[in-house]
Amino acid sequence: MELTTEERAMLEGAQGLGVRRAMEIIVALGRVFGAQRLVSVSSVQVAGVSYRNLGTAGLEFLRDWADQGAKARVPTTLNPAGLDLQTWRELGFAEEFARQQQAVIEAYGRLGVRATCTCTPYLVGNVPQVGEHVAWAESSAVSYANAVLGARTNREGGPSAMAAAITGRTAAYGLHLLENRRSRLRVKVRCPVRSWADFGALGYLVGREARNRVPFFEGLGSCCGTELKALGAAMAASGAVALYHVTGVTPEADHPDILMDDAETFTVDNLRPAYEALNATAREIDLVWFGCPHAGLEEMARIAGHLDGRQVTAALWVTTARRVRDAAQDTGLVDVIESCGGRVLADMCVVVAPMEQLGFRTVATPSGKGATYLPSHAGLVVRYGTVEQCVEAAVSGVWSP
């Protein structure tokens, strides 16, 4: 692997032990994947934030790195935590977990990472341009960055993303290279895809088929960012899709030769198999969850509109970034939702939260990613459907097919 003079100096410890440790990670990964060089990154998004996932060992790892003088040198944002950092006590989370979670946030702060605590960094100012190299870790954010924004990133692990932040570099392999951004799977959509839940259902089916390939969608028509967010998040959860193209929509879809001549064809003519796979048979609903990936203002407005002033009987949570919540507070959306008995929460994700502390058993969600992960990660029984169905479940406390 070719290294510049500055990169070799980092590797040899000229900029301190923390930087050397980070560069060792970057170079080792590059050699494993056959990279010939490194590339500079304009931003980093770090996963591995919830104390439920990191534990004591992960927290000490971060503290040790900070003690060695490591510090992010490019703008770096942080994935969701395991609780709302301001209202955790009201929600019923244990004080010990909150204390350890705050310690994780503080450790990242020492490393120069912004405590954005969101899986949608592109909604809080981290918006790379077409062709920019970044090093992002959260699967749905990686998909959005590659497909919708046209940036270039692999799906980084927590340590490798942090190493990229400290060095400002990542290895040039995988989706950083144009030849690996071409599609070997043509997806022909032959059924209506209307709601956000439909886009999640489509993503669930395609992710299972694609695994880690790059799908090329035909027949979707025009799509907005919220729909593409749902599509990509579900494909990243059911498979390992980190990039996709939608003809006439995403920035690279119309590039010559982006669809390979020998591409396999996968036709989707019915979304019912996805709805059946993602749905259990529970009738009573304890929790209705919106915001996986984190909700934007458009999604909150839709939820508020369907609530239409009615009081909920099941718990209703909307998770979002703190900055987005502040904007929703300014526009009155938070007051509308919370006056109906719902909660607009920041910083957290239900998938990585210690939900066993709160007593919930069943959850309804319009998120394909959430419905895929919740049974195994949070031990919850899931009903999956449209925003309208989920709002009705929150109001009535039961699921109506």
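Residues numbered from 1 in each chain as written. Predicted model: local features only at pLDDT ≥ 70, side-chain atom pairs only at ≥ 80, totals over all residues. Heavy atoms only, no water.

Glancing now at the overall build of the protein chain. Along its length, the protein chain carries 15 helices and 14 strands. Relative to a compact globule of 401 residues, whose C-alpha radius of gyration would be 21 Å, the protein chain shows 21 Å and is just as compact. Dimensions of the protein chain along its principal axes, counting C-alpha atoms only, are 65 × 55 × 35 Å. Expressed as a percentage of the 401 residues in the protein chain, the buried residues total 60%. Roughly 15500 Å² of accessible area belongs to the protein chain as shown, and the carbon and sulfur atoms make up 47% of that amount. (Helix = DSSP H or I, 4+ residues; strand = E, 2+ residues; numbered from the N terminus. Rg over C-alpha atoms; globule rule 2.2 N^0.38 Å. Buried < 20%, exposed > 50% of the residue type's maximum accessible area, 1.4 Å probe, protein only. Areas by Shrake-Rupley, 256 points an atom, 1.4 Å probe, with all protein chains shown as cover.)

This brings us to empty space enclosed by the protein. Under the counting rule described, the total for this entry stands at two cavities of 30 Å³ or more. Of the voids in this model, the largest cavity is the one considered here, and its volume is about 170 Å³. In terms of lining residues, the largest cavity is bounded by 16 residues, among which Trp 196, Gly 291, Cys 292, Glu 299 and Pro 366 are the most central. Only helix 9 (225-238), strand 10 (287-290) and helix 11 (297-307) provide two or more residues apiece to the lining of the largest cavity. Tallying contributions element by element places helix 9 first for the lining of the largest cavity, with three residues. For the lining of the largest cavity, the per-class residue count stands at 10 nonpolar, four polar and two charged. Its boundaries defined by the atoms lining it, the second largest cavity holds a volume of some 40 Å³. Lining the second largest cavity are Ile 26, Leu 29, Glu 156, Ser 160, Thr 170, Ala 171 and Tyr 173. Listed by contribution, the elements that provide at least two residues to the lining of the second largest cavity are helix 2 (17-32) and strand 5 (169-171). Grouping the constituent residues of the lining of the second largest cavity by class yields four nonpolar, two polar and one charged. (1 Å grid on protein atoms, 1.4 Å probe; cavity = no way out; pocket = protein on both sides within 12 Å on 5 of 7 lines; lining within 4 Å. Points joined across faces, edges and corners; volume = space filled by probe spheres on them. Nonpolar A, V, L, I, M, F, W, Y, C, P; charged D, E, K, R; others polar.)

Before going further, it helps to spend a moment on the side chain of Ser 139. With respect to the secondary-structure elements, Ser 139 resides in helix 6 (residues 139-148). For Ser 139, a relative accessible area of 6% puts it in the buried group. Other than its neighbours up to four places away in sequence, Ser 139 contacts Arg 155, Ala 236 and Lys 369. (Contact = heavy atoms within 4.5 Å.)

Given two aromatic rings, their pairing is described by the distance between the two centres and the angle made by the two planes. As enumerated under the stated definition, the model contains seven aromatic pairs in all. Considering the side-chain rings of Phe 217 and Tyr 244, the 6.1 Å spacing of their centres and the 85° angle between planes classify their relative orientation as edge-to-face. Separated by 27 residues along the polypeptide, Phe 217 in strand 7 (residues 215-218) and Tyr 244 in the loop between helix 9 and strand 8 (245-246) bring together distant segments of the chain. With respect to class, Phe 217 is no different from Tyr 244; both count as buried. Here the aromatic rings of Tyr 275 and Tyr 384 are separated by 5.3 Å at their centres, their planes lie at 40°, and the arrangement is tilted. Of this pair, Tyr 275 sits in helix 10 (residues 272-278) while Tyr 384 sits in strand 14 (residues 381-384), and the two are 109 residues apart along the sequence. As far as the burial class goes, Tyr 275 and Tyr 384 line up, both buried. Its end group placed over the ring of Trp 196, Arg 302 keeps NZ or CZ at 4.2 Å from the ring centre. (Phe/Tyr/Trp six-rings, centres within 6.5 Å; stacked < 30°, edge-to-face > 60°. Lys NZ or Arg CZ within 6 Å of the ring centre and 35° of its normal.)

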